[in-house]
Amino acid sequence: MTKDEHKAGIGGMANPTRYGIERVAYWLMRLTGLGLLAYFVAHIYETSNILRGQVGWDEFLALTQTTEGHIFLALVIAMCVFHTVNGVRVMLGHGGIGVGTPARPDYPYDPASQNYRHKIGIYSAILLAAIATMYGLAVMFGE
Amino acid sequence: MAQVSSIANEQTSTPVSSSKSVMLRISRYNPEHDDSSKFMEFNVPYEKWTTVLEAILEVKKHFDHSVAVRYSCRQATCGSCGMMINGKPRLACFTKISELDSDVVTVEPMNNFPIIRDLAVKFERLFDTHQKIKPYLIRDDTELETDEREFLQSPKELEQYIQFANCIKCGLCNSACPTMATDSSFVGPQALAQAYRYVADSRDKGKDSRLKIIDESHGIWRCHFAGSCSQVCPKGVDPAMGIQFLRGYLLGFRS
């Protein structure tokens, strides 16, 4: 990409403020996807500690039993739930399901593909992620 | 850093009935000799019905004729005057200043298009990708040899694509698209929506060849259904809908 192309760049891609909740969902989907990928790599590293024997395993596992560890795991729960629920919505949309029906548009041209079904799907993903996170925090800090 | 040049105190040469005025900030950039863009500010009077394009033309007429802007029809038909208006891609002729609900109107060239100068951008790539998806009816018997060879179509069949035929190739969808923001090779929502326009046309027989064109790494799979293209379309085309239908063919959801 060259300067001549006048691309909006990463900043333009990631800016979730201008195009409604659908763009916010797009941004969160990318962010949670990267977060889960990072967790996946960290998880492989974590479980590989079993090779260090019982002591090594217990030592590493103790890191997840701290306040910081609990907050990190709560974030993982939030990312996982949002990515799953919103992923189902996006997959259905990608198949052309629930994106409306072609018709002659009337002013002010509200796009049928950005309909209430998808908005409900996005808000549900956020809500479920919040509930699951709070439940996870209650379990972890309630011990 | 943007350099601000204000000539707000200059007087217009024509009598103005409006008591309202707006600060119009115009991005100035000439790639031939400027390192970066800068904003110039103008106080422009406006009425309830004044469009952003009219305000820019007011500036050209009374303050600075060197401002580069492309326009033609002034009625959202030619698709020439697309630009970023207060951070969002819009047609300048189709955007009233009064509807922006702001004392400052900032106009910049559309994102994701090379700049010719100031507010005018190059459309070559838009037209190239549009042409790439074969925007015409494909069938063996397109030449009408007798009066009996008319391609009849029911109103229901027409409804399947007429929305997508409203595209005026203004490029706003490509400017709003988050994938276009980083991927120089992505075919873009404009071309993909037009691919669906012809695939959905009951007279067309070129579905397989078009699906083959868009079924590549920088083709339809780079669309992540953010829907920003549909939100900025000034003609109600809803490219996001067309793209998902098109992908439905490739995924086997549609036949």
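Not measured: the values here are computed from a predicted model.

Thresholds applied
Residues numbered from 1 in each chain as written. Chains lettered and ligands numbered in written order. Predicted model: local features only at pLDDT ≥ 70, side-chain atom pairs only at ≥ 80, totals over all residues. Heavy atoms only, no water. Salt bridge = Lys/Arg side-chain N within 4 Å of Asp/Glu carboxyl O. Helix = DSSP H or I, 4+ residues; strand = E, 2+ residues; numbered from the N terminus. Buried < 20%, exposed > 50% of the residue type's maximum accessible area, 1.4 Å probe, protein only. Contact = heavy atoms within 4.5 Å. Buried area = accessible area lost by both parts, 1.4 Å probe. Polar contact = N/O pair within 3.5 Å; in protein donor to acceptor, adjacent residues only side chain to side chain. Nonpolar A, V, L, I, M, F, W, Y, C, P; charged D, E, K, R; others polar. Disulfide = S-S within 2.5 Å. Domains from an automatic or database assignment.

1. Regarding the pattern of salt bridges
Residue and element names in this part refer to chain B.
Moving on, step 1. Per the counting criterion, the structure on display carries 13 salt bridges over all chains.
Moving on, step 2. Arginine 28 is the partner of aspartate 64 in a salt bridge, and the nearest nitrogen-oxygen pair spans 2.9 Å. With aspartate 64 in the loop between α1 (52–62) and β4 (82–85) and arginine 28 in strand β2 (residues 21–28), this residue pair connects regions lying 36 residues apart in the sequence. Exposure class is identical for aspartate 64 and arginine 28. Each is buried.
Moving on, step 3. The shortest N-O distance in the salt bridge between arginine 197 and aspartate 201 comes to 3.1 Å.
Moving on, step 4. One connected set of salt bridges, linked through shared partners, spans Arg28, Asp64, Arg117 and Asp118.

2. Let's talk about the interface of chain A and chain B
Moving on, step 1. Each partner contributes residues to the interface: chain A has 37 residues there, and chain B has 51 residues.
Moving on, step 2. Overall, the association of chain A and chain B removes approximately 3,600 Å² of surface from exposure, summing both partners, and the carbon and sulfur fraction of that is 56%.
Moving on, step 3. Taken together, the links from chain A to chain B amount to one salt bridge.
Moving on, step 4. Two residues, A:Arg104 and B:Glu159, come together in a salt bridge whose shortest N-O distance is 3.4 Å.
Moving on, step 5. Linking chain A with chain B are 19 residue pairs in polar contact (both at pLDDT 80 or more).
Moving on, step 6. At the level of secondary structure, the elements contributing two or more residues to the side of chain A that touches chain B comprise α1 (9–14), α2 (20–48) and α4 (67–94) of chain A.
Moving on, step 7. With five residues, α2(A) is the single largest residue contributor to the side of chain A that touches chain B.
Moving on, step 8. When grouped by side-chain class, the residues that make up the side of chain A that touches chain B number 15 nonpolar, 12 polar and 10 charged.

3. Digging into the state of the cysteines
Residues and elements named next belong to chain B.
Moving on, step 1. On inspection of all chains with the given rule, the structure shows zero disulfides over all chains.
Moving on, step 2. The thiol of cysteine 73 is not disulfide-bonded; the next cysteine sulfur, from cysteine 78, is found 3.6 Å away.
Moving on, step 3. A residue is classified by how much of its surface remains accessible, and cysteine 73, at 25% relative accessible area, is partly exposed.

4. A few points about the domain arrangement of chain B
Interfaces are frequently sized by the accessible area removed from exposure as the parts join.
All names here are of chain B.
Moving on, step 1. We note that the domain assignment places domain 1 (4–121) and domain 2 (124–251) within chain B.
Moving on, step 2. For domain 1 and domain 2, the distance between their C-alpha centroids amounts to 31 Å.
Moving on, step 3. Tallying the contact residues gives 16 residues for domain 1 and 15 residues for domain 2.
Moving on, step 4. Both faces combined, the contact of domain 1 with domain 2 buries some 1,100 Å², and carbon together with sulfur accounts for 61% of it.
Moving on, step 5. Considering only the surface of domain 1 that becomes buried against domain 2, Pro89, Asn112 and Phe113 emerge as the three largest contributors, covering 44% of it.
Moving on, step 6. Linking domain 1 with domain 2 are zero salt bridges, by the criterion used here.
Moving on, step 7. In this structure, the connection of domain 1 to domain 2 is made through four residue pairs in polar contact (both at pLDDT 80 or more).

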